[in-house]
Amino acid sequence: QVQLVEFGGGLVQAGGSLRLSCAASGSIGSINAMGWYRQAPGKQRELVAGITSSETPKYADSVKGRFTISRDNTKTMVYLQMDSLKPEDTAVYYCSAEWGVYGRSWGQGTQVTVSS
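As the structure is a computational prediction, the values presented were derived from the model and not from experiment. (Residues numbered from 1 in each chain as written. Predicted model: local features only at pLDDT ≥ 70, side-chain atom pairs only at ≥ 80, totals over all residues. Heavy atoms only, no water.)

> How should I be thinking about the overall build of the protein chain in this particular structure?
Of regular secondary structure, the protein chain possesses zero helices and eleven strands. Starting at the N terminus, the α and β elements of the protein chain follow one another as β-β-β-β-β-β-β-β-β-β-β. Its C-alpha atoms give the protein chain a radius of gyration of 13 Å, near enough to 13 Å, the size a compact globule of 116 residues would have. When each of the 116 residues of the protein chain is scored for burial, the buried share is 42%. Considering only residue pairs separated by 6 or more positions, the protein chain has 52% of its internal contacts joining residues 24 or more positions apart. (Helix = DSSP H or I, 4+ residues; strand = E, 2+ residues; numbered from the N terminus. Rg over C-alpha atoms; globule rule 2.2 N^0.38 Å. Buried < 20%, exposed > 50% of the residue type's maximum accessible area, 1.4 Å probe, protein only. Contact = heavy atoms within 4.5 Å.)

> Help me out: how do you make sense of the packing of aromatic side chains in this one?
Tallied over the entire structure, the rule returns two aromatic pairs. Considering the side-chain rings of Tyr94 and Trp106, the 6.5 Å spacing of their centres and the 90 degrees angle between planes classify their relative orientation as edge-to-face. You can see Tyr94 sitting in strand S9 (residues 91-99) and its partner Trp106 sitting in strand S10 (residues 103-106), a full twelve residues away along the chain. A network of ring pairs unites the aromatic residues Tyr37, Tyr94 and Trp106 as a single cluster. In this structure, Arg19 is placed above the aromatic ring of Tyr79, and the distance from its NZ or CZ to the ring centre is 4.0 Å. (Phe/Tyr/Trp six-rings, centres within 6.5 Å; stacked < 30°, edge-to-face > 60°. Lys NZ or Arg CZ within 6 Å of the ring centre and 35° of its normal.)

> I'm lost on the sheet that holds strand S8 (residues 77-82) in this one. Help?
To summarise the sheet geometry, strands pair through backbone hydrogen bonds and adopt either a parallel or an antiparallel arrangement. Overall, antiparallel pairing links the four strands, which are arranged S1-S3-S8-S7 in an open sheet. Of all the strands in the sheet, just strand S1 (2-7) and strand S7 (67-71) have a single pairing partner and so form its edges. With direction set aside, neighbouring strand axes in the sheet form an average angle of 15 degrees. (Pairing = 2+ DSSP bridges. Axes fitted to C-alpha atoms, helices over the stretch in contact; angles between N-to-C directions.)

> Explanation requested: the pattern of salt bridges in the structure shown.
Pairing is possible between side chains that carry opposite charge, provided their charged atoms lie close to one another. Counting across every chain of the model gives seven salt bridges. A salt bridge links Glu55 to Lys75, with the shortest nitrogen-to-oxygen separation between them at 3.3 Å. Of the two residues, Glu55 sits in the loop between strand S5 (46-52) and strand S6 (57-59) while Lys75 sits in the loop between S7 and S8, which places them 20 residues apart along the sequence. Accessibility expressed as a relative area gives 31% for Lys75, which makes it partly exposed. As a salt-bridge pair, Lys64 and Asp61 come within 3.1 Å of each other at their nearest N and O atoms. (Salt bridge = Lys/Arg side-chain N within 4 Å of Asp/Glu carboxyl O.)

> Mind showing me how you'd approach unusual backbone geometry here?
Notably, Glu55 is not glycine yet its phi reads approximately 70 degrees, a positive angle. Despite not being glycine, Ser84 shows a phi value in the positive range, around 50 degrees. Along the chain, Ser84 turns up in the loop between S8 and S9. For Ser84, a relative accessible area of 41% corresponds to the partly exposed category.

> Would you mind showing me how to read the side chain of Arg66 here?
Mapped onto the fold, Arg66 is located in the loop between S6 and S7. Judged by its relative accessible area of 10%, Arg66 is buried. Here Ser84 takes part through its backbone oxygen, which lies 2.9 Å from a polar atom of the side chain of Arg66. Engagement of the side chain of Arg66 in a polar contact is seen with the side chain of Asp89, the distance being 2.8 Å. Not counting residues up to four positions away in its chain, the partners in contact with Arg66 are Gln81, Met82, Asp83, Ser84, Leu85, Lys86 and Asp89. (Polar contact = N/O pair within 3.5 Å; in protein donor to acceptor, adjacent residues only side chain to side chain.)

Honestly, that's just the spatial picture; any functional story needs more than this.
If you want it as structure tokens, here you go:
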């Protein structure tokens, strides 16, 4: 199994930046892809950004050009650099890992609030 812990949420003004971090532990070698999801009040959880084992990133259209996903060389940390934040980016952000054949793990979530 894979365990995930997120760091770095908080309150920021519109136009500002935040960097989220996610630390993975456990069966790290079985991880196929990692990503960041978010869930705003009253809305479904949505994919924000993902990165595969071959380091190919993908982004939701709403964050393209503003957010950047990356991983460190050990593949135990994944980051989400969020720039030019907007109030509509306010949500709980979750780190996710797909591992093994059907495995999926979630972090506990971290709140990001963007004030106008």
